[in-house]
Structure formats: structure tokens, C-alpha cells
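# Reading the structure
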Amino acid sequence: EYMGTLVSLSVSALARTLMLSSVPRRRLSSGALLRLLIGASVVGVLTSIYLLRMHLFPETGANGVCELSAVISCVTVNTSAYSLLFGIPVAVYGILYYAVLGVGAASLIAEHSPERLQFLWLWTLAGPATVAYLVYAELMVGALCLACTVTQLLAISSFGIMSTLRSHYRLPPLRGRRDVVAVLAGVYPWLIAIGGALLVSWLVFRSPFSDAPASEATRLALVQCLNDNGVAIFWYRGCSHCDRQRALFGATFEGLALSFECTAETALCAAARIEATPTWVKFRRGTTAPRLQQATQSALEAAAEARSEGVMSIAALFEWAQCSGDATTTERRGEPRGHAKTT
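Counting restarts for each chain, with residues numbered from 1 along the sequence as it is written. Side-chain atom pairs in this predicted model are given and counted only at pLDDT of 80 or more, local residue features only at pLDDT of at least 70, and totals for whole chains, interfaces and linings cover all residues. Calculated side-chain values reflect all of the structure's heavy atoms, with hydrogen atoms and water omitted.

On to the side chain of Ser 73. Helix numbers and strand numbers start at the N terminus; a helix is a DSSP run of H or I with at least 4 residues, a strand a run of E with at least 2. Among the secondary structure elements, Ser 73 is positioned in the loop between α2 (30-56) and α3 (74-78). Not counting the four nearest positions on each side in its chain, Ser 73 is found in contact with Cys 66, Glu 67, Ala 143, Leu 144 and Cys 145. The contact definition used throughout considers only heavy atoms, calling two residues in contact when any of these lie within 4.5 Å.

What follows is the structure, given as C-alpha cells:
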């Protein structure tokens, strides 16, 4: 429902953009274009928030409008290795991009500023670059993200609107580095705010204190416990959440007896109804990998005692798998922000 509304709003905004673009230039209203830009920015922010939520909690989008098939899947793209850029979710950049664009357009309605207009035009140059990156990511992952396509169309439209506004106000072209520096110097408070937002995002998602490592002895003890209790993990190579989960284990991850990479174990993952990765499933004690690989879907459902989707910390796994002993206080403090939905 939410995604359907976003798609409708974005299609409407794009249609209005095309209609305005077909009107002779002398009839274009700068106010109308700026209001249209604000509307597109609002849709862009909401779509990016939707994508960020899906990145952090992939199981929430497993049965959403974006999940039409294995090829048309927002979750697949939005949890891949390409969903992170310099350690920050790409969706966060989308929120910042459209927020700056919307606020800038609103400020231009209130007060015309050539420097701000030039800056926003420079800002929208990131749009086509982002589109190229997202298309490349989809090609590499082998899946199409409909919500990402919405943001791509909005980014291209925003660049077109800003280019039209530059022409409308007959602003001089930026001929070199000196002109660009002059424009940026005129909007330095904006640059400080943008830099601060990126720094906060980095601290939230990449803080060195966020994933304090467990000791090797603790990790080895957990691996032994998971093997003894019949706990399996289903994951994809290239999935950013799976990479985080594996990083918490380090080299001890290879010691998990029931570790299934879903590209290689397609049939097993389908039979186990794996909709988001990583997924932890607790089977009966004594369960072996060959037994799971040969089991039917009904047999797998009967053997499963508990399930958890999302990244789980070492401490959380100790508790969830009912292992004897506890993780250290440091490990509890280092529990990552990945969501774990248990049943």
C-alpha cells in the first residue's frame, strides 16, 4: 500500500514534469517548477526512508509490493554489498539528497538567490551519477528494485528541472574551478550542515564502538553450541547483512556445520522458505547437513523449532540458541543494530 502510493505520487510528478517541459520556455513558471521540485523531493525522501527501513529490516519487505519475483526484488538489491557506500546505506544518501533539494527549492521560493540556484544545480549533478551506480548495482546483483527505479526517475527529473531553471534565470555557466569554488563559498552554511549530516550517519552506521568483537574463545564456544543444538544459518554471498553477521564470527564462521549459502543451495533455501538473509533456524538436536539437504519442505517445517531473521549479535545468539554460559559485557554492548525477528 505504502509503496503503491509512492509509485503513484512519483508517476504523477514525472507526468507533470513532462507536461511542463513540453510548454514553450517563455510560458514556464519558475514558481511552478520549484513547487514541482519540492513535491518530487518529498516523494524521494519517503521512498528513501522506505528503502532504508528495508535495508535495516529486510524481512519487513519480504512480501511487499517490490517483491514480484527473484528478478524483481527490492530486498535482494537493498541488502546486497552495493547497498552500502563508504559504510553508509545508499538510502541515507537518498534521504539527504532529496531533503537538501526540497529545502533548497523552498528557500528559492521565499527568496531568489543566484548562488543557491547554482549550488542546487551542482547538487543535482549527483542524480545522474547515482542512477548510473544503482543501475550498475542492479546488473551486478541480477535483480531490479522498483523503489530504486522511482528514485532514479526522480533524480533525472530533478536535474532536468534545475537545468531549466538555470536557463530561465539566464545564469552564467560555471567555466572552471574558480567559479565552482565561488558558488560553494556562498553556501558554506549548507555545506557545513551536509557534512555534519554525513558525519552523524557515519558515526551511527560505522562507529568503531558499534561492533565490539567477541573473544575468539567465546566465538568458538558459540559455534560448538550452535552445532550441538542443530542451529543452521542461511545466507547469500554479497548480502551486506550476511557480511556483517559473518564478520561478527570472524574465521570461526567456517566452523558452523549447518551453514548454507543460498546461491549454491537454491533448492534447500526454497524448501526452507528463506525470504530474508541471514536467517537462523534451530532444528532438532543431531540434525546434519545431508539430512536437511534431502528433506522435503514439510519435513523441514516439522523439524524447525525456532527461526530468526536478521543479524544477531554473539550475545543474542547465546540467548536465542539457549547455550550455556553468557557472552561478555563488551559483546552485549557491541550488539549490532540489525533486526532479529524470532518465532
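What follows concerns the environment of Ala 295. Structurally, Ala 295 is set in the loop between α13 (289-294) and α14 (297-303). Assessed through its relative accessible area of 24%, Ala 295 is described here as partly exposed. Expressed as a C-alpha distance, the spacing of Ala 295 and Ala 271, which sit 24 residues apart in the sequence, is 8.4 Å. Throughout this description, buried means an accessible area under 20% of the type-specific maximum (1.4 Å probe, protein chains only), exposed means over 50%, and partly exposed covers the range between.

Time to look at the confidence of the model for the protein. Residue-level pLDDT values for the protein average 80, and 82% of them are 70 or greater. Note: pLDDT gives the predictor's confidence per residue, expressed from 0 to 100. Note on residues 327-343: pLDDT under 50 across the span, and 52 contacts to partners over four residues away in sequence or across chains.

This part is about the pattern of salt bridges. What makes a salt bridge here is a side-chain nitrogen of Lys or Arg within 4 Å of a carboxyl oxygen of Asp or Glu, nothing more. All chains considered together, the criterion is met by one salt bridge. Among the salt bridges present, the one from Glu 301 reaches Arg 273, with a minimum N-O distance of 3.4 Å. On the criterion of sequence distance, the pair formed by Glu 301 in helix α14 and Arg 273 in the loop between α12 (266-271) and β5 (279-283) is long-range, its members being 28 residues apart.

Each α-helix winds once per 3.6 residues, and so residues spaced three or four apart point in a common direction. What a helix is expected to span follows from its residue count: subtract one and scale by 1.5 Å. Taking 1.5 Å as the rise per residue, helix α7 (residues 146-168) with 23 residues should run 33 Å; its terminal C-alpha atoms sit 33 Å apart, in good agreement. One or two positions beyond α7, positive phi appears at Arg 170, with a value near 55 degrees.

Remark: a regular strand shows side chains that alternate across the two faces of the sheet. In terms of burial, strand β3 (residues 231-235) is a largely internal element, five of the five residues being buried. On β3, burial covers both faces: Val 231, Ile 233 and Trp 235 on one face and Ala 232 and Phe 234 on the other are all buried. Bridge count between β3 and β5: four bridges; the pairing is antiparallel. If you follow Ile 233 over to β5, its bridge partner there is Trp 280. A strand pair is defined by DSSP finding two or more bridges across the two strands.

Only a pair of cysteine sulfur atoms within 2.5 Å qualifies as a disulfide here. Scanning all chains against the criterion turns up three disulfides. The partner cysteine of Cys 225 in its disulfide is Cys 323, sulfur to sulfur 1.8 Å. In this structure the cystine formed by Cys 225 and Cys 323 twists about its S-S bond by roughly -95 degrees; its chirality is therefore left-handed. You can see Cys 225 sitting in helix α10 (residues 216-228) and its partner Cys 323 sitting in the loop between α15 (314-320) and α16 (329-333), a full 98 residues away along the chain. The side chain of Cys 262 participates in a disulfide bridge whose partner is Cys 269; the two sulfur atoms lie 2.0 Å from each other. Because the sign of the S-S torsion sets the handedness, a value of about -85 degrees for the bond joining Cys 262 and Cys 269 places this disulfide among the left-handed ones. A residue is classified by how much of its surface remains accessible, and Cys 262, at 2% relative accessible area, is buried.

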